[in-house]
Amino acid sequence: GIYAIVVGASIFLPRQVSKREREMEIKRDPAALKEDIWVPSMWKRTNLIFSCCAMALFGVCITEFSFWGGFGDWIWTIIVLFKVVAEFV
């Protein structure tokens, strides 16, 4: 699971830092010439990994919730509540 997400993130977002990203980094902070303070590619990759894991966890919670015994009795209420919650999440 998580290994596949990490490998997929490294395929979709390779480690190379483009010239434009490097120029923006230097423009934002002159100390970036001396050392790597912030690497945009690494940030993008970790953000993708975190988002994928959060969505997977959310999907598992929703699936487990659907196995609840009273789910069929309260289905219309649950659908309406999901629609309301979806506006805020």
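Before any of the text, the structure's been laid out above.
Criteria and thresholds
Residues numbered from 1 in each chain as written. Predicted model: local features only at pLDDT ≥ 70, side-chain atom pairs only at ≥ 80, totals over all residues. Heavy atoms only, no water. Phe/Tyr/Trp six-rings, centres within 6.5 Å; stacked < 30°, edge-to-face > 60°. Axes fitted to C-alpha atoms, helices over the stretch in contact; angles between N-to-C directions. Helix = DSSP H or I, 4+ residues; strand = E, 2+ residues; numbered from the N terminus. Left-handed = near helix turned anticlockwise from the far one by under 90°. Contact = heavy atoms within 4.5 Å. Nonpolar A, V, L, I, M, F, W, Y, C, P; charged D, E, K, R; others polar.

Under the definition given, this model contains three aromatic pairs. Taken together, the aromatic side chains of Phe-65, Trp-68, Phe-71 and Phe-82 make up a single cluster linked through ring pairs.

To continue, consider the packing of helix α1 (residues 2-12) against helix α3 (residues 40-66). Relative to each other, α1 and α3 sit at 145°, their axes nearing to 9 Å. In the crossing of α1 with α3, the sense of the turn from one axis to the other is right-handed. Contact with α1, carried on its side by Ile-2, Ile-5, Val-6, Ala-9 and Ser-10, involves Arg-45, Leu-48, Ile-49, Cys-52 and Cys-53 of α3 and no other residues of that element. Taken together, the residues that form the contact of α1 with α3 break down as eight nonpolar, one polar and one charged.

These results come straight from atomic positions and should not be treated as a statement about function.
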